[in-house]
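Observations on the three-dimensional arrangement
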Amino acid sequence: MKLILTTKAKADIEIILIKNKKIELNKNILRQLKFKGKDEESILLPEAKKLYVGCEDNHHNTIRIALATAIKKLNTTNFKSAKIICEDNLKAVVDGLKLGNYKFDKYKTKKKKKKEKEIYIQVDKITKTLQQNFEESIVVCEAINIVRDMVNTPPVDFYPEIM
């Protein structure tokens, strides 16, 4: 998965966080599908090219969990790109997407081919500080995923000489 920080984005689908159960777009359709916007609840509307994800509040951890749910749902589709509009809390958005995309399939005999998806994180203005925070978040998440690989690898295949 490739994360791209941008001020304008055109993508196959848009990820929309529903914070505090306040549904504004496609209300009638979402109600008919019994989507309430609860925490970790998601629904895909392919005809509208929208992926709605419930998010309890605007805290870092709840945004991370919601976007991890979104990326897992997105990975079940054939969409090649997605965008999310980030008004604040960029670090939580990056963390949720990068950490939610983690899979450990080293020992699976039938590995699914992962199609590289591009996720556009749309912001109003890209400042130097914002770009640095974005890049730092990506590095931290990649380090976390490397540690996850280490922890998930059995000792017979991962011993001090290999480290």
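Data block above holds the structure.
The present account deals with the structure reproduced in this document. (Residues numbered from 1 in each chain as written. Predicted model: local features only at pLDDT ≥ 70, side-chain atom pairs only at ≥ 80, totals over all residues. Heavy atoms only, no water.)

1. As for unusual backbone geometry
Convention followed: Strands are runs of DSSP state E lasting at least two residues, helices are runs of H or I lasting at least four, and both sets are numbered from the N terminus onward. Burial status follows relative accessibility: with a 1.4 Å probe on protein chains alone, a residue under 20% of its type maximum counts as buried, one over 50% as exposed, and anything between as partly exposed.
Although it is not a glycine, Lys34 sits at a positive phi angle of roughly 60°. By the element assignment, Lys34 lies in the loop between helix 1 (27–32) and strand 3 (42–45). A relative accessible area of 63% places Lys34 in the exposed class.

2. Observations concerning the nonpolar core
What counts here: The nonpolar core is taken to be a set of buried Ala, Val, Leu, Ile, Met, Phe, Trp, Tyr and Cys residues, with the residues joined through side-chain atoms within 4.5 Å. In what follows, residue pairs with any heavy atoms lying within 4.5 Å of each other are defined as contacts.
By size, the foremost hydrophobic cluster in this structure holds 30 residues, and its most contacted members are Leu3, Leu67, Leu97 and Ile121. The set of elements that each furnish at least two residues to this core consists of strand 1 (2–6), strand 2 (13–19), strand 4 (50–55), helix 2 (60–74), strand 5 (81–85), helix 3 (90–100), strand 6 (118–122) and helix 4 (128–152). Sequence-distant contacts of Leu67, that is, excluding residues within four places in its chain, are made with Ile15, Leu17, Ile84, Ala92, Val93, Gly96 and Leu97.

3. Quick word on the pairing of strand 5
Worth spelling out the cut-off: When DSSP finds two or more bridges between two strands, those strands count as paired. By definition, the crossover connecting two strands over a helix is right-handed if that path, from the first strand to the second, turns clockwise as seen with the strands pointing away from the viewer.
Taking burial as the measure, the five residues of strand 5 include four buried ones, the bulk of the element. In this sheet, strand 5 lies alongside strand 2 in parallel orientation, the contact comprising three bridges. Bridge pairing in strand 5 places Glu14 opposite Lys83. Pairing between strand 5 and strand 6: five bridges, direction parallel. When the bridges of strand 6 are listed, Lys83 appears paired with Tyr120. Taken together, strand 5, helix 3 and strand 6 constitute a β-α-β crossover, and its handedness is right-handed.

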